[in-house]
Amino acid sequence: MSGTEEIPSVDYVEGTGVPIRGNDIDTDQIIPARFMKVVTFDGLGEFAFFDQRFDDEDNQKEHPMNEDRFQDASVMVVNDNFGCGSSREHAPQALMRWGIDALIGEGFAEIFAGNCLALGIPTVTADHETINALQQWVDDNPDGEIEVDVRAETVTYGDNEISVSVDRAQREALVEGNWDTTALMKANQNAIEETAASLPYLESAD
């Protein structure tokens, strides 16, 4: 990445949805530990929710992510405390590589939400009744578009517009394009080097 390359803002996500029902879905369910031995995150998408989607003989089980109607989904609609458990960054990496660009839910584990932010994936919240209604609509309208407006904190689907909550720091980072901290450091490498050079305790001893 060059020092002038800009980090894109993520103030709006649009796509069809996939409903994942259940509270307290932890990161081990999202990506089982045995798939975390990979050297890179490439290919993790096929292992997302693997043990919920396949039996011990790799036969498909009933799961929304196995259904043809949800294969092009990019917005995941979940319930409460999604992403709890261990703080593995592989979980949002797997979801992103499956095709997820945004998550709407009742609540997210803090570290999971932070790991999503580092990938530019919004995690927006609404109350139980609102999420249940959206999950049912997605079930009934698998080709229906969902619009997530991070800046305005709204979600639009069908004839409905609902208010959602976005953590203030997350919203600012996404909208202002400050969510990729690694890219920010690379883009400001010259400034970092200048600051380091000005620090007396970093001077080399001759």
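First things first, this report covers the structure right here in the doc. Since the model is a prediction, treat every value here as computed from it, not as a measurement. (Residues numbered from 1 in each chain as written. Predicted model: local features only at pLDDT ≥ 70, side-chain atom pairs only at ≥ 80, totals over all residues. Heavy atoms only, no water.)

**Overview of the packing of helix 3 (residues 90-98) against helix 4 (residues 110-117)**
For step 1, the next point in the chain: Axis separation between helix 3 and helix 4 bottoms out at 8 Å; the angle between their running directions is 50°. Here helix 3 lies oblique to helix 4, going by the angle between them. Here helix 3 runs over helix 4; the crossing is right-handed. Between helix 3, through A91, P92 and L95, and helix 4, the contact on the second element is made entirely by F112, N115 and C116.
For step 2, the next point in the chain: When grouped by side-chain class, the residues that make up the contact of helix 3 with helix 4 number five nonpolar, one polar and no charged. (Axes fitted to C-alpha atoms, helices over the stretch in contact; angles between N-to-C directions. Helix = DSSP H or I, 4+ residues; strand = E, 2+ residues; numbered from the N terminus. Parallel < 35°, antiparallel > 145°, perpendicular 65-115°, else oblique. Left-handed = near helix turned anticlockwise from the far one by under 90°. Contact = heavy atoms within 4.5 Å. Nonpolar A, V, L, I, M, F, W, Y, C, P; charged D, E, K, R; others polar.)

**Here we look at the pairing of strand 5 (residues 145-149)**
For step 1, the next point in the chain: The two faces of strand 5 differ: I146 and V148 on one face are buried, but E145, E147 and D149 on the other face are not.
For step 2, the next point in the chain: In terms of strand pairing, strand 1 (residues 12-19) meets strand 5 through five bridges, oriented antiparallel. By the bridge assignment, E14 is partnered in strand 5 with E147.
For step 3, the next point in the chain: In this sheet, strand 6 (residues 154-157) lies alongside strand 5 in antiparallel orientation, the contact comprising four bridges. Looking at strand 6, one finds that D149 is bridged to T154.
For step 4, the next point in the chain: Where strand 5 folds back onto strand 6 in an antiparallel hairpin, the turn is made up of four residues, including E153, whose phi is positive at roughly 55°. (Buried < 20%, exposed > 50% of the residue type's maximum accessible area, 1.4 Å probe, protein only. Pairing = 2+ DSSP bridges.)

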